[in-house]
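Structure at a glance
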Amino acid sequence: MGRCPACGEWNTFKEAPSQPKSASASDSSALFSSISSGVTPMPLSEIDCSGEQRIRLNMSEVDRLLGGGLVKGSLVLLGGEPGIGKSTLSLQIPLMQSSLRTLYVTGEESSSQVKMRSERLGGEASGCIIYPQTHIEEVIQAAAAERPDLMIVDSVQTMFTDRVDSTPGSVSQIKEVASMLLRYAKQSSVPVILIGHITKDGYIAGPKILEHIVDVVLQFEGDSSSSYRILRSIKNRFGSTSEIAVFEMTGSGLREVTNPSEMLIPMHEQGLSGTAIASTLDGSRPLLFEVQALVSSAAYGTAQRSATGFDARRLNMLLAVLEKRAGFKLSAKDVFLNMAGGLKVNDPACDLAVVSAVLSSNFDYPLGSDVCFAGEVGLSGEIRPVGQSSRRAAEAARLGFKKMFLSTYTSSDFIVPKGLEVVKVSDIPALVRSLFKA
Ligand code: TYD
Ligand code: MG
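Residues numbered from 1 in each chain as written. Chains lettered and ligands numbered in written order. Predicted model: local features only at pLDDT ≥ 70, side-chain atom pairs only at ≥ 80, totals over all residues. Heavy atoms only, no water.

**Looking at the overall build of the protein**
Helix and strand counts for the protein come out as eleven helices and 20 strands. Its C-alpha atoms give the protein a radius of gyration of 28 Å, more than 25% over the compact-globule value 22 Å for 438 residues. When the backbone C-alpha atoms are referred to their principal axes, the protein occupies close to 95 × 65 × 50 Å. Burial statistics for the protein: of 438 residues in total, 46% are counted as buried. Restricting the contact set of the protein to residue pairs at least 6 apart, pairs at least 24 apart contribute 67%. (Helix = DSSP H or I, 4+ residues; strand = E, 2+ residues; numbered from the N terminus. Rg over C-alpha atoms; globule rule 2.2 N^0.38 Å. Buried < 20%, exposed > 50% of the residue type's maximum accessible area, 1.4 Å probe, protein only. Contact = heavy atoms within 4.5 Å.)

**Overview of the sheet that holds strand S19 (residues 403–407)**
Ordered in space as S14-S15-S13-S12-S16-S19-S20, the seven strands form an open sheet in which the pairing is mixed. Of all the strands in the sheet, just strand S14 (305–308) and strand S20 (421–425) have a single pairing partner and so form its edges. The mean angle between the axes of side-by-side strands here comes to 25°, regardless of whether they run parallel or antiparallel. When strand S12 (residues 275–282) meets strand S16 (residues 371–373), the two strands line up parallel, connected through two bridges. When the sheet's bridge partners are listed, Ala278 is paired in S16 with Phe373. (Pairing = 2+ DSSP bridges. Axes fitted to C-alpha atoms, helices over the stretch in contact; angles between N-to-C directions.)

**Regarding the site of ligand 1**
Around ligand 1, the surrounding shell holds 16 residues, and the nearest of these are Gly83, Ser87, Thr88, Thr250 and Gly253. For ligand 1, an oxygen atom lies 2.7 Å from a polar atom in the backbone of Gly83. At 2.8 Å, a backbone N or O of Thr250 approaches a nitrogen atom of ligand 1. Of all elements in the fold, only helix H3 (86–96), helix H4 (111–121) and strand S10 (244–250) reach the threshold of two or more residues within the shell around ligand 1. In the shell around ligand 1, the residues fall into four nonpolar, eight polar and four charged. (Near = heavy atom within 4 Å. Polar contact = N/O pair within 3.5 Å; in protein donor to acceptor, adjacent residues only side chain to side chain. Nonpolar A, V, L, I, M, F, W, Y, C, P; charged D, E, K, R; others polar.)

**Structural notes on the domain arrangement of the protein**
Frequently, the measure chosen for interface size is the accessible area removed from exposure when the parts meet. Split into domains, the protein comes out as domain 1 (52–258) and domain 2 (263–435). Once you take the C-alpha centre of each, domain 1 and domain 2 turn out to be 37 Å apart. At the junction of the two partners, domain 1 supplies 16 residues and domain 2 supplies ten residues. For the pair domain 1 and domain 2, the summed buried surface comes to about 990 Å²; carbon and sulfur atoms form 53% of the total. For the domain 1 face of the interface with domain 2, the top three residues by lost area are Tyr228, Ile230 and Ile244, together amounting to 36%. (Domains from an automatic or database assignment. Buried area = accessible area lost by both parts, 1.4 Å probe.)

**A closer look at the nonpolar core**
If you look at the biggest cluster of nonpolar residues, it comprises 47 residues, and the most contacted ones within it are Phe289, Val291, Leu322, Met339, Phe373, Phe405 and Leu431. Considering each element in turn, this core owes the most residues, seven residues, to helix H9 (residues 351–363). Taken domain by domain, this core gets at least three of its residues from each of domain 1 (52–258) and domain 2 (263–435). Every residue in contact with Leu322, bar those within four places of it in the chain, is listed here: Gly327, Phe328, Leu330, Val355, Val358, Leu359 and Ile428. Counting 30 residues, the second largest nonpolar core, distinct from the first, contains Leu66, Leu95, Ile193 and Ile195. (Core = buried A, V, L, I, M, F, W, Y, C linked by side-chain atoms within 4.5 Å.)

**Remarks on the sheet that holds strand S4 (residues 102–106)**
Strand order across the open sheet formed by nine strands is S5-S4-S6-S7-S3-S8-S9-S10-S11, with mixed pairing between neighbours. Since the sheet does not close on itself, it has two edges, and those belong to strand S5 (128–132) and strand S11 (253–257), each with one partner. The mean inter-strand angle of the sheet, taken between neighbouring strand axes irrespective of direction, is 25°. Where S4 and S5 come together, five bridges link them in parallel fashion.

So, in structure tokens, the structure goes:
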């Protein structure tokens, strides 16, 4: 400004540094002190990682999902909708493994509420220290004093730090709290499990903004009407992703379901129309489950399409392919699709089972309960091969399936397991012929 609005004089303003300048000066001194702290660049070949130790939890499915246990010094984000069972799972970990000294920081429930829950869950509570606190600086101080083997923070939305001037749960608070916990985990080698709420659509200010900060992201999913819960690994710096672990919520906590296929496949003997068994892959493990379809005449002008656990646009595409390539007039029909057990599926190998279930319901013709499907359907009605067919087939044979539908173009190194008849189909008309012998 040239002229002072108060006194009317010219050129009387002086420049003064504002607050951030001094802050950045101290930042750069911190930068230089870290250089002198002995951390130097090092050839990759000389780095020793044998010290990367894992803590085995007494829950084999969680261990498997993490890639063989919890890596020391890692920050694990456990996300999910409210009420899905995040607090229950994270309290079960110390209760199942009492030799682990666990600091359980609760910002949502009081100590007595946690105690009541732990009594419901059973197990040995001797190694578990409960700390109701929301101030993250005090949490880290307490952790430094207690020296636990594992820290659990429930939840990131309730924690706050003095360093950021906004309310708990805001984006800047969540980011700062998470990066402070990350620093604590790396410096102390204590693994930290951080719980975060995700809203229904999964994106609002919360765990999504943390995914790049943390080492592992586990997401808890499930249908509120079903007691099954699926824990999915979305990101894992120490193991493979897209694996799942299945749990059942019981009156006394979560129970691990070690063989989910057996629970997702129905027990009816002669087979009902409108169902088909799909063979999908979750990470490294083949998983078989039931796809259910209902096709009925549209009661009103426009036909309804509804899909639970499956992409509705993909269903529309598959119906359009059926209409165009096989001449089925599905446009005047309502189509409802459902994946068993509240599963959410995005493996394209599921297409063939979806198409078969729709056809089966349309003709009211059961496909048989010992038949399963794996194949992707292309826009021109061709059945495309899917990855790891041998492993899918081996799992199907193990579960007692007699017949499996696959693409004609399945790779030549495919191994047919004993006792399983493989039917290869090239396109939708061929599928219809072999399903209904028409
Ligand atoms: P909770 O772990 O509190 O969910 P989150 O922390 O993700 O918000 O789980 C709450 C639900 O779990 C609640 O609806 C009750 C149910 N539940 C059981 O069915 N059995 C149990 O043993 C426990 C502890 C909870
Ligand atoms: Mg909770």
